[in-house]
Amino acid sequence: MTKIILSVFLITQNAKDIMLKVHNRPTWKSMKAKLELKLIPVKGREKIHKMESYSMKNEEDETSMLIKFVYPGDVKGTKFLLIENKEREDDIWIYLPALRKAKKIIASEKRGAFMGSDFSNYDIGGGEFEDWDYKLLEEKEYEGKEVYIVECSAKSRDIIKKTGYSKIIKYVLKSIPLTLYSEYYDKSGNLFKTIKIDKYENIEGVWFETEMTAENVKTGHKSKFVFTEIEANVKLPEKYFSPSYLK
């Protein structure tokens, strides 16, 4: 009995360690890039949003990220701001030009779609490590690469309400701390979405996902992010990362 309990404890610890390395993997002090979001329906024409992305770490190693929409005209001027807080819930604001004011996204709204895409506001923020319990399910090969399969289970009903996910299954590379593929399950435990990393690159010593696709498995609708013209460790105006700048 003691051996069984110890084995379960080690599996849990290993899974947590794996995901902690993913969550805390090295990144740049600052970054700017061009960004496209493609909305791809099963039938009909795809829609493209073009953006500029900026991010910066502070002295406490917390990340702030600003996304500015520049195309098409109906979303131009929209801004999305994320400020990471290690000791409490991350802060997210969105500025809509038509309303001429910045709106803070409360916890229950983080499950909402990011600009009509299959990515949620919670996904864009990278998620909260403390929201989940972790379990290593197996180790196997995925698309020719060795991966860990880790189950991330929501710690409470409040987490499910906030994220829209009861659990997430993640395929994590063994060679580097990066998630290649994720399956997202709704509050009833049914698979409804996947996110796949289509391309990742080593840029100035940092592994970064430059292309990723989210798919609603029920409707077949897809959304694809593509990062280009990435510049790392550049000087950025601090005002970009203040809610007052959004206006």
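The present account deals with the structure reproduced in this document. (Residues numbered from 1 in each chain as written. Predicted model: local features only at pLDDT ≥ 70, side-chain atom pairs only at ≥ 80, totals over all residues. Heavy atoms only, no water.)

**Side note on the overall build of the protein chain**
Helix and strand content of the protein chain: three helices and 13 strands. The C-alpha atoms of the protein chain give 18 Å as radius of gyration, which agrees with the globular expectation for 247 residues (18 Å, within 12%). Its C-alpha atoms give the protein chain principal-axis dimensions of roughly 60 × 45 × 35 Å. Going through the 247 residues of the protein chain one by one, you find that 45% of them count as buried. Taking the intrachain contacts of the protein chain between residues at least 6 apart in sequence as the baseline, contacts between residues at least 24 apart amount to 45%. Accessible surface, the protein chain: about 13,700 Å² in total, of which carbon and sulfur atoms supply 50%. (Helix = DSSP H or I, 4+ residues; strand = E, 2+ residues; numbered from the N terminus. Rg over C-alpha atoms; globule rule 2.2 N^0.38 Å. Buried < 20%, exposed > 50% of the residue type's maximum accessible area, 1.4 Å probe, protein only. Contact = heavy atoms within 4.5 Å. Areas by Shrake-Rupley, 256 points an atom, 1.4 Å probe, with all protein chains shown as cover.)

**Things to note about unusual backbone geometry**
Here the bond from tyrosine 71 into proline 72 is cis, since omega is 0°, no more than 30 degrees from zero. By the element assignment, proline 72 lies in the loop between β3 (63–71) and β4 (79–83). For glutamate 229, which is not a glycine, the phi torsion comes out positive at approximately 50°. In this structure, glutamate 229 sits in strand β13 (residues 222–232). Given a relative accessible area of 55%, glutamate 229 falls into the exposed group.

**Focus on the nonpolar core**
Counting residues in each nonpolar core, the largest one holds 48 residues, and the members touching the most others are Ile67, Phe80, Phe114 and Phe225. Here this core takes five residues from strand β1 (residues 30–40), the largest share from any one element. Once you skip the residues sitting within four places of it in the chain, phenylalanine 80 turns out to touch Met65, Leu66, Ile67, Ile92, Trp93, Ile105, Phe114, Asn121 and Ile124. In this structure, Val147, Tyr171, Leu178 and Tyr181 belong to the second largest nonpolar core, which totals eleven residues. (Core = buried A, V, L, I, M, F, W, Y, C linked by side-chain atoms within 4.5 Å.)

**A few points about the side chain of threonine 210**
Tracing the chain through its elements places threonine 210 in strand β12 (residues 206–216). Judged by its relative accessible area of 1%, threonine 210 is buried. Residues in contact with threonine 210, not counting those within four places in the same chain, are Lys199, Tyr200, Glu201, Ile203, Phe225, Val226, Phe227 and Ile230.

**Quick word on the side chain of threonine 194**
By the element assignment, threonine 194 lies in strand β11 (residues 191–203). Of the residues examined, threonine 194 reaches a relative accessible area of 9% and is grouped as buried. Setting aside chain neighbours within four positions, we find threonine 194 in contact with Tyr181, Ser182, Glu183, Tyr184, Thr213, Ala214, Glu215 and Val217.

**So, the packing of aromatic side chains**
Following the criterion strictly, the structure yields 16 aromatic pairs and no others. Judged by centre distance (5.0 Å) and plane angle (35°), the rings of tyrosine 240 and tyrosine 245 are tilted. Put simply, the rings of Phe69, Phe80, Phe114, Phe119 and Phe225 pair up and form one aromatic cluster. Directly above the aromatic system of tyrosine 148 lies the positively charged group of lysine 174, at a separation of 5.3 Å from the ring centroid. Of note, lysine 193 hangs over the ring of tyrosine 184, and the distance from its end group to the ring centre comes to 5.0 Å. (Phe/Tyr/Trp six-rings, centres within 6.5 Å; stacked < 30°, edge-to-face > 60°. Lys NZ or Arg CZ within 6 Å of the ring centre and 35° of its normal.)

**Things to note about the layout of surface pockets**
Empty space within the second largest pocket amounts to approximately 220 Å³. In this structure, the second largest pocket is lined by 14 residues; those nearest its centre are Arg111, Ser120, Tyr165, Phe192 and Lys193. Partitioning the lining of the second largest pocket into residue classes produces four nonpolar, six polar and four charged. (1 Å grid on protein atoms, 1.4 Å probe; cavity = no way out; pocket = protein on both sides within 12 Å on 5 of 7 lines; lining within 4 Å. Points joined across faces, edges and corners; volume = space filled by probe spheres on them. Nonpolar A, V, L, I, M, F, W, Y, C, P; charged D, E, K, R; others polar.)

**Quick notes on empty space enclosed by the protein**
Summed over the entire model, instances satisfying the criterion amount to two cavities of 30 Å³ or more. Within this model, the largest cavity holds a volume of roughly 50 Å³. Taken together, Leu82, Glu89, Asp90, Ile92, Lys110, Asn121, Tyr122, Gly125, Gly127 and Glu128 make up the lining of the largest cavity. A class-by-class count of the residues in the lining of the largest cavity yields three nonpolar, three polar and four charged.

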